Amino acid sequence: MPTTLEPVRPILLAEIYSARERIAKTIVRTPLVRLELGPGFPDVRLKLENLQPINAYKLRGAANAVAMLSEAERARGVWTISAGNAGQGVAYAARQAGVRCTVVVIETAPTSKVERMRALGARLVPVSYDTAWKTLEARAYPGVEGTFVHPFDDHNFIAGHATMGLEILEDAPETAAVVASIGGGGLIVGVGSALKALAPGIKVFGAEPETAAPLALSLALGSPQKFKDWKPSFVDGAGGQSVFPRMWERMRPVVDGSIVASLADIQRSMRLVAEKARVIAEGAGALAVAAAVSGKAGKGPVVAIVSGGNVDLEKFCELIGSVAG
């Protein structure tokens, strides 16, 4: 691994358009559909990234990052760290490129995500959440070799995610705000970079669960913070323990705020999306919907990015069955 990381720099529009061409044969241009809520509610549109081949947006960034590796880097094999979706994305892109892949996977990842990573040919190394978060900072793990693909603090990964911003503006140029769930911050930096370059008046909001909201805390205090009361939850694809300083540097120019949602509201949004749009959203995907429906992102049109749909069906039924419709 390099001893010195490349300095953080803005994601350029030219890089985003190049990424779109590069990943066009791998990803799906996902639909943008209206969530019919009735009078008195915000005008909410759903960007259905759960319809990607791996049922999560991470394929955009992974496909771009793997495609841009040198032959020498590919020959070493690739590895990443994931609760499931980034791991699937990197494994999928690596399999297409004929490259070996290892995923240091959080041991509480849903079974469905674990099985899919394994089916894609990835070697899995289970670790605790705390260990995974420390490994994200260290960018190294004992016994794991190869080229590291960071699941959020990677310029090319973020440029891949930014292609979603182009699609949103093309399909709904009247968009007033976009809400994206936040784990490490790669999704919101990518989408926000495209939106702010092309339509700077659009508001870009993060969404975090109440049990893990370091960005809201960081924005309140004006510097990257650790969330001391962090707790694990079913929102496994979002809600980090802290905001990494490099990601804080990336987010500040393109993020307008963070909306914190309760776990109960996220559950209700999982049910709402299933009932109204017949869509299965995992916790992180419904998190953005909960933030948009709250009205805190404005009356709209508000685009909520349904970032993924990888949730064990038994768990999904349990979660939506335990809240009122």
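It should be noted that the structure appears before, not after, this text.
Residues numbered from 1 in each chain as written. Predicted model: local features only at pLDDT ≥ 70, side-chain atom pairs only at ≥ 80, totals over all residues. Heavy atoms only, no water.

**Student:** Any chance you could explain the overall build of the chain here in plain terms?
**Tutor:** Within the chain, the regular secondary structure consists of 13 helices and 10 strands. What you see for the chain is a C-alpha radius of gyration of 18 Å, in line with the 20 Å of a compact globule of 325 residues. Seen along its three principal axes, the alpha-carbon backbone of the chain occupies a region of about 55 × 40 × 40 Å. Pairs at least 24 residues apart make up 73% of the contacts formed inside the chain by residues separated by at least 6 positions. For the chain, the accessible area works out to roughly 13200 Å², and carbon and sulfur atoms hold 53% of it. With 35 positive and 31 negative side-chain charges, the chain shows a spacing of 1 Å between the two charge centroids. (Helix = DSSP H or I, 4+ residues; strand = E, 2+ residues; numbered from the N terminus. Rg over C-alpha atoms; globule rule 2.2 N^0.38 Å. Contact = heavy atoms within 4.5 Å. Areas by Shrake-Rupley, 256 points an atom, 1.4 Å probe, with all protein chains shown as cover. Lys, Arg positive; Asp, Glu negative; His and termini not counted. Charge placed at Lys NZ, Arg CZ, Asp CG, Glu CD.)

**Student:** Looking at this structure, I do not really get the layout of surface pockets. What am I missing?
**Tutor:** The method is simple in principle: a probe with the dimensions of a water molecule rolls over the atoms, and the space it marks as empty is what remains. Counted as a void, the second largest pocket has a volume near 370 Å³. Every residue lining the second largest pocket is counted, 27 residues in all, and those nearest its centre are T108, S233, F234, V235 and D236. Each residue belonging to the lining of the second largest pocket can be placed in one class, and the counts come to 14 nonpolar, 7 polar and 6 charged. (1 Å grid on protein atoms, 1.4 Å probe; cavity = no way out; pocket = protein on both sides within 12 Å on 5 of 7 lines; lining within 4 Å. Points joined across faces, edges and corners; volume = space filled by probe spheres on them. Nonpolar A, V, L, I, M, F, W, Y, C, P; charged D, E, K, R; others polar.)

**Student:** Help me out: how do you make sense of empty space enclosed by the protein in this one?
**Tutor:** In this structure the tally under the stated criterion is 1 cavity of 30 Å³ or more. The calculated volume of the largest cavity comes to roughly 410 Å³. Surrounding the largest cavity, 31 residues form its lining, K58, A83, G183, D236 and G237 being those nearest its centre. Every element with two or more residues in the lining of the largest cavity is listed here: β3 (78-82), α4 (85-97), α6 (129-138) and α8 (186-198). Examining the composition of the lining of the largest cavity, we find that 4 residues originate from one element, α6, more than from any other. Class assignment of the residues belonging to the lining of the largest cavity gives a composition of 15 nonpolar, 12 polar and 4 charged.

**Student:** Help me understand the pairing of strand β10 (residues 302-306), please; the structure alone is not making it clear to me.
**Tutor:** Moving residue by residue along a regular strand, the side chains alternate between the two faces of the sheet. Burial of β10 is extensive: 5 of the 5 residues sit out of reach of the surface. Neither face of β10 is exposed, since V302, A304 and V306 on one face and V303 and I305 on the opposite face are all buried. In this sheet, β10 lies alongside strand β2 (residues 44-48) in parallel orientation, the contact comprising 5 bridges. Each residue of the ladder has a partner; that of K47, found in β10, is I305. (Buried < 20%, exposed > 50% of the residue type's maximum accessible area, 1.4 Å probe, protein only. Pairing = 2+ DSSP bridges.)

**Student:** Looking at this model, I keep getting lost on the nonpolar core. Mind explaining?
**Tutor:** In summary, soluble globular proteins display a tendency toward joint burial of nonpolar side chains. Ranked by size, the top nonpolar core spans 50 residues in total, and within it V178, I188, V191, M251 and I305 carry the most contacts. The greatest single-element share of this core, amounting to 7 residues, is contributed by helix α7 (residues 155-171). With residues near it in sequence (within four places) discarded, I305 still touches K47, E49, M164, I168, V178, V179, A180, L187, V191, G285 and A288. In terms of nonpolar packing, the next biggest core, distinct from the first, is built from 39 residues, L46, L272, V279 and A291 among them. (Core = buried A, V, L, I, M, F, W, Y, C linked by side-chain atoms within 4.5 Å.)

**Student:** Help me understand the packing of aromatic side chains, please; the structure alone is not making it clear to me.
**Tutor:** Two descriptors summarise a pair of aromatic rings, namely the distance from one centre to the other and the angle between the planes of the rings. Summed over the entire model, instances satisfying the criterion amount to 6 aromatic pairs. With 6.2 Å between their ring centres and 35° between their planes, W133 and F152 make a pair best called tilted. In this pair, W133 sits in helix α6 while F152 sits in the loop between β6 (147-148) and α7, placing the two residues 19 residues apart along the sequence. Just as W133 is buried, F152 falls in that class too. Relative to F244, the ring of F152 lies with its centre 5.4 Å away and its plane at 65°, an arrangement referred to as edge-to-face. Of the two residues, F152 is situated in the loop between β6 and α7 and F244 in the loop between α9 (214-221) and α10 (245-251); the sequence distance between them amounts to 92 residues. On the basis of relative accessibility, which here comes to 6%, the residue F152 falls in the buried class. Among the aromatic side chains, those forming a connected cluster through ring pairs are Y129, W133, F152, W230 and F244. (Phe/Tyr/Trp six-rings, centres within 6.5 Å; stacked < 30°, edge-to-face > 60°.)

Worth remembering: the numbers are spatial, not functional.
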